[in-house]
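# Breakdown of the fold
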Amino acid sequence: MRKWYRIASRALISAVLTTLICIFFIERQYPYRGRLVSSAPFNYKDQRDYFDLDQDEKTEMIRSVLKVRDLTELLIYEWDGDLIDQANVRGSLLRRCRLFEGDYNGDGLSELYLFTHVGDSLWLNVVDPNAGGRQLIARKMIPGTRMMNGEASYTITGGQMGDVNGDGSLDFYFSVIAGFTRSPRNVYCYDIVNDSLYRSPTAGSGPRSFLRSDDLDNDGTPEYWGRVSAFGNYSDIKVPYSDMSSWLMVFTHDLEFEFEPLEFPAFGSVVDAQVMETDGMKKLVVVKTYKGNLDSIHNELLLVSLSGKIEGRQLLPDQFQGIKPVFYVRNQEVFIYDLNGKLYAYDRNLELQNILERDWFRAVHTGRFRYPGNDEVLYYITSDGALSLTDMDHKMLARLDLKVPPSGLIHIKSISTDIIKNGIHLRTNSNEQTIAIEINPRRYFEYFYGFAIFLSILAFIYLVQVFQIRQEQKRMENEKRLRTLQLQSLKSQMNPHFIFNALNSISAMYMQGNNRKANNFLTSFSRMIRDVVDSSERVVVTLREEIDFVRNYLELEKIRYGENFSFSFDISNDCMEIELPSMCIHAFVENSVKHAFHDKQKPMHVVVNAHRKGKLVKVEIKDNGIGFGNAENPLGRTGKGMKIVSEIISNYSKASGRKIFYIYRNIGSEDNTTEGSLVELSIEA
């Protein structure tokens, strides 16, 4: 059982440490990786767009180049750089407009829709890149446009294709929203076949950032709407649907209002809408945010029917104050970003269900686009220039640190070529980049690294435990050996000869009538026997206990030898609780008593001192005997007892890790005669 416990504990510790290392030190590997193919400063006079013009699942590149004033050149390239075709278009390029594409006649070959301007005039040009760059439509004027400070200050969005009159051909829908020039602010539809231009009713506001479309009423024709902001340019002029308010505007295929636009008063408000289908019916999920000082205006989430009736309303948290609404609808759920790391999930009844937190939710730009293979992908661009791509369940697919942090995202589009099977083209106000999205070859290395780290930690823990077990075994062997040696020392002390002599001395004292002396001797002898029994069960004792034992022993010896034998102790109080091997000091004292005094008629004296010196406790055993190595003592007083005490000290040091060592020397006089011996025992405190 203990064996399996050790195995389980090793595995658990290894798993925990592996997880922590992988989280904090191993770079996360995602299913795909982004590889920067090209990066260049954005120049509106030389723009690059990517379309699959012939539906062969390979993207062509189209360059729109302003050659000279009022003359733009369209260059169509294969991805490998081969020029396919070109066309010259009258007019200059716009700063806030991109190239559009669409297949109006359903032949599987797309046409290009390019807006140019000459002076105050805005023109729509349609080019067929599959017919030698022939212009199908040249300079179709969009009425009502004006310049400001020599610049075209309007924004053009859209590019959807739909049938405005039911003739079977598709028509081009787009939105033109002027800036400070105030007009036009309309949604348009151009019928190529009949060369007809349709426009929405006159309004002081309209879809600015993008144009959305969907067949909301299931009549076979799409409706159109987009994000509408209250910019406040019509503060001094009365105009229908003024931009002093934001509006929910939905247009039919013939650009009439689907229902009377819903007004959301307050300058600084923004309204956006997306479709939710519930019980076979489509409704609009509307998000309204507000940036201003009016406490009565709140951020809201609304559910609006196709008749313009508000069927549900929910206040949004204060975190949405002053930000543009960024959200999407999926599977009857509404997901709204606060652009500060959180995503709020609401159900079909507009009840808050969950709040997700991710680092990449702290984005300055986010949205979704359709990837090759018809898969929708969410993208996030953070302020530090990191581009993250996730699936619709927010699982990270790829992450790339862009070379140039984005400033004002204009356009993101998926591309596919022979060289770049899957990729994206990203355009900002300052930079445009082409990024290849590839399968990450190191994706599974993350698991390999984790497994290798796990095995390494497991092996390390195993080796540490084996080392600890072996150290414990050595400690136990040393302790066992120490006990054996101490028992041997005890046996040498309590041998039958010693016991017989002690009992014989006690008996003689009683016979001589020295009852008090005999009683004292018997008391000391019994105390020593008790200490010997106690010490037999203990490997380590305190200095106090060892001194008490030695004192009893010396008292017995004094009774035996009489007044001719004396002893003294000088022990510092701060040394009393130091631990040392049992019988350690006694062995040296016993050696002095047995071997130092050959002439028992001479005065015999033993001194035991103990004092602390730094990190050591110094114990001294002195006697006035014949010394070590004397001619009268050829064995040098280092017999069996001293060998035992040396082994005791050695084994104790190995078992405890504390250093104990001793030295012995003779004490000499001025005439070089030996006056005794000294043993210095040093114990690490």
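Every chain's residues receive numbers from 1 upward, in the order its sequence appears when written. In view of the model being predicted, local features appear only for residues whose pLDDT reaches at least 70, and side-chain atom pairs are presented and counted only at 80 or more, with totals across whole chains, interfaces and linings using the full set of residues. Each side-chain value is derived from all of the structure's non-hydrogen atoms; neither hydrogens nor water enter the calculation.

Along the backbone of the protein chain there are 7 helices and 42 strands. Contacts are assigned to residue pairs with any non-hydrogen atoms lying within 4.5 Å of each other. Sequence-distant contacts, at least 24 apart, represent 53% of the contacts inside the protein chain between residues at least 6 apart. Every accessible area reported is derived by Shrake-Rupley at a probe size of 1.4 Å, with residue values counting cover from the shown protein chains alone. Carbon and sulfur atoms form 51% of the exposed surface of the protein chain, whose accessible area is close to 33,900 Å². Helical segments are the DSSP runs of H or I of at least four residues, strand segments are the runs of E of at least two, and each set is numbered from the N terminus.

Bringing the packing of aromatic side chains into the picture now. Classification of ring pairs rests on two measures: the distance between centres of Phe, Tyr or Trp rings, Trp counted by its six-membered ring, which must be within 6.5 Å, and the angle between planes, read as stacked under 30 degrees, edge-to-face over 60 and tilted in between. Enumeration over the complete set of coordinates arrives at 22 aromatic pairs. Geometrically, the ring pair formed by Tyr173 and Tyr224 is stacked, given 4.0 Å between the ring centres and 20 degrees between the ring planes. Of this pair, Tyr173 sits in strand E13 (residues 171-177) while Tyr224 sits in strand E17 (residues 223-226), and the two are 51 residues apart along the sequence. Considered together, Tyr173 and Tyr224 belong to a single accessibility category, that of buried residues. Measuring from centroid to centroid gives 5.2 Å for Tyr241 and Phe257, while their planes differ by 75 degrees, and the two rings are edge-to-face. With Tyr241 in the loop between strand E18 (228-229) and strand E19 (245-248) and Phe257 in the loop between E19 and strand E20 (262-265), this residue pair connects regions lying 16 residues apart in the sequence. Phe257 gets classed as buried once you look at its relative accessible area, which sits at 19%. Exposure categories follow from relative accessible area, calculated using a 1.4 Å probe and restricted to protein chains: below 20% of the type maximum is buried, above 50% is exposed, and the middle band is partly exposed.

Alternating residues of strand E40 (residues 616-623) divide into Val617, Val619, Ile621 and Asp623, all buried, and Leu616, Lys618, Glu620 and Lys622, none buried. Two strands make a pair as long as DSSP finds a minimum of two bridges between them. Judged from the 8 bridges that link them, strand E39 (residues 604-613) and E40 form a sheet pairing that is antiparallel. Each bridged residue has a counterpart across the sheet, and for Val607 the counterpart in E40 is Lys622. In this structure, the hairpin formed by E39 and E40 is closed by a connection of 2 residues, where Gly614 is found at a positive phi of approximately 65 degrees. Across 8 bridges, E40 lies against strand E42 (residues 674-684) in antiparallel orientation. Looking at E42, one finds that Lys622 is bridged to Leu678.

Confidence per residue, as judged by the predictor, is encoded in pLDDT with a range of 0 to 100. Per-residue confidence for the protein chain gives a mean pLDDT of 83, with 87% of residues at or over 70. Across residues 633-637, confidence stays below pLDDT 50; counting only partners more than four residues off in sequence or on other chains, it has 13 contacts.

Here the focus is the pattern of salt bridges. Salt bridges, as used here, are contacts in which a Lys or Arg side-chain nitrogen is within 4 Å of a carboxyl oxygen on Asp or Glu. As enumerated under the stated definition, the model contains 20 salt bridges in all. Salt-bridge contacts for Asp46 lead to Arg63; the nearest nitrogen and oxygen are separated by 2.8 Å. Of this pair, Asp46 sits in strand E2 (residues 46-51) while Arg63 sits in strand E3 (residues 60-68), placing them 17 residues apart in sequence. Here Asp46 falls in the buried class, since its relative accessible area comes to 18%.

The 4 strands lie next to each other as E2-E3-E4-E5, forming an open sheet whose pairing is antiparallel. In the strand order of this sheet, the two ends are held by E2 and strand E5 (83-90), each with one partner. If you compare each strand with its neighbour and ignore which way they point, the axes differ by 20 degrees on average. As paired elements, E2 and E3 share 6 bridges and run antiparallel to each other. Looking at the pairing, Tyr50 lines up with Met61 of E3. Axis angles are defined between N-to-C directions and span 0 to 180 degrees, where every axis is a line fitted to C-alpha atoms and, for a helix, only to the segment in contact.

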